[in-house]
Amino acid sequence: MSHTDHRPADVMKKLVALCKRRGFVFQSSEIYGGLKSAYDYGPLGAELKRNVMNEWWKDMVHVRENVVGIDASIIMKPDVWRASGHAAGFADPLVDCHVSKERFRADKAPRPAVGDALPISCADKGQAKTYQEIIAKRFGVELERDGKVLTGLSVIADKQIGFTPKGADAPAQTFDFPGYVSPLIGCPFLSEERQFNLMFRTALGAVDPMQDVSEALADLTAADDLASAIRERFGKDAKAEGSVLAKALADGDRKKLLRAVIEHISGPAQVYLRPETAQAMFVQFKNVMDTSGLKPPFGIAQMGKSFRNEVTVEHFIFRSCEFEQMEMEFFCEPGTQAEWMAFWKKARMDWWQRYANYPEHFIFRKHEKDELAHYADDCYDVEYLYPWGFDELEGIASRTDHDLHEHETHSGQKLRYVDTEKEDPTSGKKPWSYRPFVIEPAAGATRAVLAYLLDAYHEEERTDAKGKPVTRTVLKLHPKLAPIKCAVLPLISNKEEFPAKAREVIEQLLAAGIPAKYDAKGAIGKRYAKHDEVGTPFCITIDGQTLEDGTVTLRDRDTTDQVRIEVAEAAAQLRERLGA
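A brief report on the enclosed structure follows.

### Considering the overall build of the protein
Helix and strand counts for the protein stand at 19 helices and 30 strands. Here the C-alpha coordinates of the protein stretch approximately 95 × 80 × 50 Å along the principal axes. Counting across all 580 residues of the protein, residues that qualify as buried make up 47%. Here the contacts in the protein between residues at least 6 apart in sequence split such that 63% fall between residues at least 24 apart. Surface accessibility of the protein: about 28,900 Å² in total, with carbon and sulfur atoms responsible for 50%. Counting 78 positive and 89 negative side-chain charges, the protein places the averaged centre of each group 3 Å from the other.

### Concerning the layout of surface pockets
Taken as a whole, the second largest pocket spans an internal volume of roughly 830 Å³. Surrounding the second largest pocket, 21 residues form its lining, Arg201, Val244, Lys247, Glu263 and Gln270 being those nearest its centre. Among the elements of the structure, α4 (86–89), α9 (244–251), α10 (254–266) and β15 (270–273) are those that each provide at least two residues to the lining of the second largest pocket. A total of 5 residues in the lining of the second largest pocket trace back to one element, the largest contributor, which is α10. In the lining of the second largest pocket, the residues fall into 8 nonpolar, 7 polar and 6 charged.

### Looking at helix α6 (residues 210–221)
With 12 residues, α6 extends 16 Å from end C-alpha to end C-alpha; this agrees with the ideal 16 Å at 1.5 Å per step. Restricting attention to buried positions, one finds in α6 the residues Val213, Ala216 and Leu220. Within α6, the buried residues cover an arc of 70° as seen down the axis, which keeps them to one side. Buried residues along α6 sit in contact with α7 (226–234) and α10.

### Overview of the environment of Met12
Within the secondary structure, Met12 is located in helix α1 (residues 11–22). With 375 residues separating them in the primary sequence, Met12 and Pro387 have C-alpha atoms 7.3 Å apart. Look past the residues within four positions of Met12 in its chain and what remains in contact with it is His315, Phe316, Pro387, Trp388, Leu450 and Leu454.

### Observations concerning the packing of α7 against α10
Here α7 crosses α10 at 20°, and the two axes come no closer than 10 Å. By the angle between their directions, the pair α7 and α10 is classed as roughly parallel. When you trace α7 past α10, the crossing you get is left-handed. Between α7, through Leu226, Ala227, Ile230 and Phe234, and α10, the contact on the second element is made entirely by Arg254, Leu257, Leu258, Val261, His264 and Ile265. When the residues that make up the contact of α7 with α10 are grouped by side-chain class, the tally is 8 nonpolar, 1 polar and 1 charged.

### Here we look at the pairing of strand β11 (residues 160–163)
As paired strands, strand β10 (residues 153–157) and β11 are joined by 4 bridges and run antiparallel to one another. Across the sheet, the residue bridging to Ala157 is Gln160, located in β11. If you look at the hairpin formed by β10 and β11, you'll find 2 residues sitting between the two strands. Both β11 and strand β12 (residues 173–176) contribute to a ladder of 4 bridges, which runs antiparallel. Bridging from a neighbouring strand, Ile161 pairs with Phe175 of β12.

### Concerning the sheet that holds strand β27 (residues 516–518)
Strand pairing in a sheet is mediated by backbone hydrogen bonds. Such pairs are either parallel or antiparallel. Pairing is mixed across the open sheet formed by 5 strands, whose spatial order is β27-β26-β28-β29-β30. A single partner strand is all that each edge strand has here, and the edge strands are β27 and β30 (562–566). Each neighbouring strand pair of the sheet contributes to a mean axis angle of 25°, computed without reference to strand direction. Examined bridge by bridge, strand β26 (residues 486–490) and strand β28 (residues 538–542) share 5 bridges and lie parallel to one another. Within β28, the residue paired with Pro490 across the bridge is Ile542. Seen against the sheet, helix α17 (residues 524–534) touches β26, β27, β28, β29 (551–556) and β30 and runs at an angle of roughly 170° to β26. Here helix α19 (residues 570–578) sits on the sheet in contact with β26, β28, β29 and β30, set at roughly 160° to β28.

### Some words on the nonpolar core
Counting 60 residues, the largest nonpolar core has Phe24, Trp56, Met326, Trp352, Leu450 and Tyr452 as its most contacted members. For this core, the element with the most residues is helix α15 (residues 445–456), which contributes 9 residues. Other than its neighbours up to four places away in sequence, Trp352 contacts Phe362, Val382, Leu393, Glu394, Ala443, Gly444, Ala448 and Tyr452. Among the nonpolar cores identified, the runner-up in size contains 28 residues, and Ala128, Phe177, Val181 and Leu190 belong to it.

### Looking at unusual backbone geometry
The linkage connecting Pro296 with the following residue, Pro297, adopts the cis geometry, with an omega of 5°. Along the chain, Pro297 falls in the loop between α12 (285–292) and β16 (298–307). For the bond from Lys430 to Pro431, the omega torsion is -5°, close enough to zero to count as cis. Inspection of the secondary structure assignment puts Pro431 in the loop between β21 (417–419) and β22 (432–434). Even without glycine at this site, Thr560 takes up a positive phi of about 65°. Tracing the backbone through its elements, the reader meets Thr560 in the loop between β29 and β30.

### Describing a negative patch on the surface
A contiguous patch of negative charge on the surface is contributed by Glu548, Asp549, Glu566 and Glu569. Position of Glu548 among the secondary structure elements: in helix α18 (residues 544–549). Taking the relative accessible area as the measure of exposure, Glu548 reaches 70% and is therefore exposed.

### Notes on the side chain of Ser84
As for its placement among the helices and strands, Ser84 is situated in helix α3 (residues 78–84). Overall, Ser84 belongs to the buried group, its relative accessible area being 18%.

Cut-offs used in this document
- Along every chain, residues carry numbers that run from 1 in the direction the sequence is written.
- In keeping with the model being predicted, local features are shown solely for residues with a pLDDT of at least 70 and side-chain atom pairs are shown and tallied solely at 80 or more, while totals for entire chains, interfaces and linings include all residues.
- By convention in this description, side-chain values take in all heavy atoms of the structure and omit both hydrogens and water.
- A helix here means a DSSP run of H or I that spans at least four residues, while a strand means a run of E at least two residues long, and both kinds are numbered starting from the N terminus.
- The buried label applies to any residue whose accessible area, calculated with a 1.4 Å probe on protein chains only, is under 20% of its type's maximum; exposed applies above 50%, and partly exposed to all values in between.
- When checking whether two residues touch, look at their non-hydrogen atoms; a contact exists if any pair is within 4.5 Å.
- Surface accessibility follows the Shrake-Rupley procedure with a 1.4 Å probe radius. Residue values consider only the protein chains on display as shielding.
- None of His or the chain ends enter the tally, which takes Lys and Arg as positive and Asp and Glu as negative.
- A single reference atom marks each charge: NZ on Lys, CZ on Arg, CG on Asp, CD on Glu.
- A cavity, in this analysis, means grid points on a 1 Å lattice covering only the protein atoms where a 1.4 Å probe fits yet has no way out; a pocket is instead an open set bounded by protein on both sides within 12 Å along at least five of seven lines, and a residue lines either one if it has an atom within 4 Å of a point.
- Grid points are joined across faces, edges and corners, and a volume is the space filled by probe spheres set on the points.
- Throughout this entry, Asp, Glu, Lys and Arg are counted as charged residues, while Ala, Val, Leu, Ile, Met, Phe, Trp, Tyr, Cys and Pro are counted as nonpolar. The remaining residues, Gly among them, count as polar.
- A helix's residues, less one, multiplied by 1.5 Å, set its expected span.
- This arc describes the spread of directions from the helix axis toward the C-beta atoms.
- Here, axes are lines fitted to C-alpha atoms. For helices the fit covers the stretch in contact, and angles between N-to-C directions go from 0 to 180 degrees.
- Each angle is binned into one of four classes, with values under 35 degrees roughly parallel, values over 145 roughly antiparallel, values of 65 to 115 roughly perpendicular, and all other values oblique.
- Definitions for this section: a left-handed crossing has its near helix turned counterclockwise from the far helix by less than a right angle. A right-handed crossing has that turn clockwise.
- Pairing between strands is defined by DSSP: at least two bridges between them are needed.
- By nonpolar core is meant a set of buried Ala, Val, Leu, Ile, Met, Phe, Trp, Tyr and Cys residues that side-chain atoms within 4.5 Å join together.
- Here, patches come from residues exposed beyond 30% relative accessible area and free of salt bridges, joined within 9 Å for like charges and within 5 Å for nonpolar side chains (Val, Leu, Ile, Met, Phe, Trp, Tyr).
- A pairing counts as a salt bridge when a side-chain nitrogen of Lys or Arg comes within 4 Å of a carboxyl oxygen of Asp or Glu.

Here you go:
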């Protein structure tokens, strides 16, 4: 399938500027210099995100009898994250590039083969010159500069690179490297791997545990023998098998001992901000099933904020530390998961394409066997054609009964459904008590906002009233997603009868539940252009004829065609065109 891209090459730059200029997205804490990876949604952005999430909720919950929703706490008992594996599994190896200062996950880095050249690709010639000087000064290597690319390095062994000067037949210098390069510029000059916790930690309770920590460290570091002081101070806790203190004492490293003391004292008050919305739906599985009267197959849906201390924050709101998710856990009978996977794959792709101008820009990517989590038996990503290529928008995973099994094991509570009408496949007798298998469609709400903004962004070459060529920027957002459904514009704002009539129309639309905006500022052409740029599907203009015969001009955003309609029919006409 061809994936023709309608967008200009610098669409991200233009879209970010539009979002700031028109009130979709602002940098968080901007007046204080901003906070990296954190964004605030302005008046239009908040409406757009809310519309996307409302459409998801309608499709996943309101039109289905076998799916219900919950709204769970962001802070959960840490035992939940230990059972799910997040408390341990969210620590990933982290590496810094000595040249660009990029920080990235080692397990996601490109791994060149022996014999490959290692060009360092910079953003521009100026950056290439700077990086060339850094490498020469720190590593004693004079790389060749070809425009914005630095050359001369190659992989000569699994863990070794060589520098071959121009015209030479063999490397003049060699360096050890970890077997991978930085994703941003392809640089092999990297720091050692370090562990990085991707979950945000905080303390629950009014008393700050750091006071106890500081007092303990002051006493312990004054002792001649740190290990003995720890054993004396913490007694049985220091001897408990598997405890953080016992592990550190067995190792003997001073830094690890001090960290273990901090973890031991602060641990009882420590909680995490949830890194995903999914786990609450597993934890509340039995409560929801018992109180709602549902039985498999059924689903539990949830929307809300999640938090991950992302190693790399990139592409505007695509990846940030605070984001919103739209997830559903669908519990089904073991053995039927393939059937339900096919069902939810189709349902989810239909939903994404329903609101798109270019549905072919949404595709499936099946996970290879080496990508699958050890417990999953199938997984697909819904990917969207972002400016940097196809990237994940939603994951649809067949998770077997892994999550319920882990929570059942760690909590000691039965998380099963008892089917009195069916025989147990193992015993051949009724009833059949089983842990349901799970299909999980998990979508990113903030990524959806970005995808639909990119899908909607168009630049059209037109001719103005004076015959001069102009570029028209328009967001062709689906009417159900558009923040403002209709703008009401008095042609002349300084004559009382025009604004008064416009106010009548606005009141009619708002009373009918149509989000509309009164706009009297600037020439009518500039007002049309402004509402094209923010994605308003329709504009109603109050002109001289309105005062004569009670009709108004209704303008379509995408075609710019105009028709006259009766003022009394404005709300009904708009509701029909909006599909309300």
